[in-house]
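A closer look at the structure
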Amino acid sequence: NAGVTQTPKFRILKIGQSMTLQCAQDMNHNYMYWYRQDPGMGLKLIYYSVGAGITDKGEVPNGYNVSRSTTEDFPLRLELAAPSQTSVYFCASSYTHPGLAGRAYEQYFGPGTRLTVT
Amino acid sequence: GIQVEQSPPDLILQEGANSTLRCNFSDSVNNLQWFHQNPWGQLINLFYIPSGTKQNGRLSATTVATERYSLLYISSSQTTDSGVYFCAVPMNSGGSNYKLTFGKGTLLTVNP
């Protein structure tokens, strides 16, 4: 059981380039999330998904897109990378209260992707 | 949305000392997690504790939901306890509890 995995670990992009950050979990969790962490700060929610085919915006969605075609995978797409997107990106997943919509247990995090845009 | 404040922002200890980290939040919550981010950046789950008290080895946590705070206790600190400790709660009170907002963290340094 690998938990939450993310690739790549590090990446350097030039301004205007695009890339996809990969995230996968093998815990059969319904809910998945993408966060970013800027230096010296806590994490901020970018996008989340409550199940395959369902995604929604978090606090800071501008400049990003997501898709969720399977329970296991939740890729994050950066289009037209900007220096402001230099950050560490974390993917997370959680399982839900049976029979209680919108209620979830603790979130488990992947190891992160360190992205630099220059 | 719910505001989260953690204190102190920085803490320096000698190995073997005890410490208490605090997390205050501005509204009622039905989810609260404590994390440790180690010096390599990895986020480690410490406690899922929307209310009550839990213990795990040298660490324990207490959440008093009615008073809107949570405390993380570290006893007999070790150098491996160094890192940033984050508290996270739902962005909004009531209803769904899975969209988390994080405090700015407490940076703990344990010296040998």
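See the structure above.
The paragraphs below set out a description of the structure included in this document. Bear in mind that the values here come from a model prediction, so they are computed numbers and not experimental data.

Details of the overall build of chain B
Check the secondary structure of chain B and you find 0 helices and 11 strands. Whereas a compact globule of 112 residues would reach a radius of gyration of roughly 13 Å, chain B reaches 13 Å, a difference of no more than 12%. Summarising its shape, the C-alpha atoms of chain B cover approximately 45 × 25 × 20 Å along the three principal directions. Scored against the burial criterion, the 112 residues of chain B give a buried share of 50%. Expressed as a percentage of contacts within chain B between residues at least 6 apart in sequence, the contacts between residues at least 24 apart total 56%. A total accessible area of about 5,100 Å² is found for chain B, and carbon and sulfur atoms account for 48% of it. One way to put it: in chain B the 6 positive side-chain charges average out to a point 8 Å from where the 6 negative ones average out.

Focus on the sheet that holds strand β3 (residues 19-25) of chain B
Adjacent strands of a sheet form backbone hydrogen bonds with each other and so pair up, either parallel or antiparallel. All names here are of chain B. Taken in spatial order, the 5 strands make up an open sheet running β1-β3-β8-β7-β6, and their pairing is antiparallel. Strands at the two margins of the open sheet, each flanked by one partner only, are β1 (4-7) and β6 (52-56). For this sheet, the mean inter-axis angle between neighbouring strands, taken without regard to orientation, is 15°. Across 5 bridges, the pairing between β6 and strand β7 (residues 59-64) is antiparallel. Its bridge partner lying in β7, N56 is registered against L59.

Notes on the interface of chain A and chain B
Where the parts come together, the accessible area they lose is often given as the size of the interface. Taken together, the contacts link 21 residues of chain A with 20 residues of chain B. Between chain A and chain B, roughly 1,800 Å² of surface is buried when both sides are summed, and carbon and sulfur atoms account for 57% of that area. The largest contributions to the chain A side of the interface with chain B come from L43, E106 and F109 of chain A, which together make up 23% of the buried area. Where chain A packs against chain B, one counts 5 residue pairs in polar contact (both at pLDDT 80 or more). Secondary-structure elements contributing two or more residues to the side of chain A that touches chain B are β4 (31-37), β5 (43-51) and β10 (104-109) of chain A. For the side of chain A that touches chain B, a count of residues per class yields 13 nonpolar, 5 polar and 3 charged.

Examining the nonpolar core
All names here are of chain B. Among the nonpolar cores identified, the biggest contains 22 residues, and W34, L72 and V89 are the most heavily contacted of them. Those elements that provide at least two residues to this core are β2 (10-14), β3, β5 (43-48), β7, β8 (69-74), β9 (83-90) and β11 (106-111). Look past the residues within four positions of L72 in its chain and what remains in contact with it is S19, T20, L21, W34, L46, F47, S60, A61 and Y85.

Topic: unusual backbone geometry
Residues other than glycine predominantly adopt negative phi, and peptide bonds predominantly adopt the trans conformation. Following T7 of chain A, the chain continues to P8 of chain A via a peptide bond in cis, the omega torsion being -5°. With respect to the element layout, P8 of chain A can be found in the loop between β1 (4-7) and β2 (10-13). A cis amide bond links S7 of chain B with the next residue in sequence, P8 of chain B, at an omega value of -10°. Secondary-structure assignment places P8 of chain B in the loop between β1 and β2. Here the phi dihedral of N28 of chain A falls at roughly 60°; this positive angle occurs in a residue that is not glycine. Residue position: N28 of chain A is located in the loop between β3 (19-25) and β4. Residue classification places N28 of chain A among the exposed positions, given a relative accessible area of 60%.

Observations regarding the environment of Q55 of chain B
Residue and element names in this part refer to chain B. Mapped onto the fold, Q55 is located in strand β6. In the structure, Q55 is positioned 17 residues away from L72 in sequence and 9.8 Å away in space, judged by C-alpha atoms. Contact partners of Q55, with chain neighbours within four places excluded, come to F47 and S60. Polar contacts involving the side chain of Q55 include one to the main-chain carbonyl oxygen of G57, which spans 3.2 Å.

Some details on the packing of aromatic side chains
Residue and element names in this part refer to chain A. This model, assessed by the stated rule, comprises 13 aromatic pairs over all chains. With a centroid separation of 6.4 Å and an interplanar angle of 75°, the aromatic rings of F90 and F109 are classed as edge-to-face. Here F109 lies in strand β10 and F90 lies in strand β9 (residues 87-96), a separation of 19 residues in the sequence. Like F90, the residue F109 is buried in the burial classification.

Conventions adopted
In this convention, every chain numbers its residues from 1, walking through the sequence in written order. By the order in which they are written, chains take letters starting at A while ligands take numbers starting at 1. Local features in this predicted model are restricted to residues whose pLDDT is 70 or higher, and side-chain atom pairs enter the listing and the counts only when it is 80 or higher, whereas totals over whole chains, interfaces and linings include all residues. Side-chain measures here rest on the full set of heavy atoms in the structure, leaving out hydrogens and waters. Each helix corresponds to a stretch of at least 4 residues labelled H or I by DSSP, and each strand to a stretch of at least 2 residues labelled E; elements are numbered beginning at the N terminus. Throughout, radius of gyration means the C-alpha value; the globule benchmark is 2.2 Å times the number of residues raised to the power 0.38. Buried residues are those whose accessible area, probed at 1.4 Å on protein chains only, stays under 20% of the maximum for their type, while exposed residues exceed 50% and partly exposed ones sit between those limits. The contact rule is simple, with two residues in contact once any of their heavy atoms fall within 4.5 Å. Under the convention used here, a 1.4 Å probe and the Shrake-Rupley method define accessible areas, while residue burial counts only the protein chains that appear. A residue counts as positive if it is Lys or Arg and as negative if it is Asp or Glu; His and the chain ends are not included. All charge positions are set by atom: Lys at NZ, Arg at CZ, Asp at CG, Glu at CD. Here the rule is simple: two strands pair whenever DSSP picks up at least two bridges between them. Note on definitions: angles span 0 to 180 degrees between N-to-C directions of axes, and those axes are lines fitted to C-alpha atoms, for helices only across the stretch in contact. Once two parts are joined, some of their accessible surface, as seen by a 1.4 Å probe, is lost; buried area is that loss totalled over both. Nitrogen and oxygen atoms within 3.5 Å of one another constitute a polar contact, given that in protein one can donate a hydrogen and the other can accept it, and given that sequence-neighbouring residues count only through two side-chain atoms. Ten residue types, Ala, Val, Leu, Ile, Met, Phe, Trp, Tyr, Cys and Pro, are classed as nonpolar, four, Asp, Glu, Lys and Arg, as charged, and the remainder, Gly among them, as polar. The definition of a nonpolar core used throughout is a set of buried Ala, Val, Leu, Ile, Met, Phe, Trp, Tyr and Cys residues joined through side-chain atoms within 4.5 Å. Classification of ring pairs rests on two measures: the distance between centres of Phe, Tyr or Trp rings, Trp counted by its six-membered ring, which must be within 6.5 Å, and the angle between planes, read as stacked under 30 degrees, edge-to-face over 60 and tilted in between.

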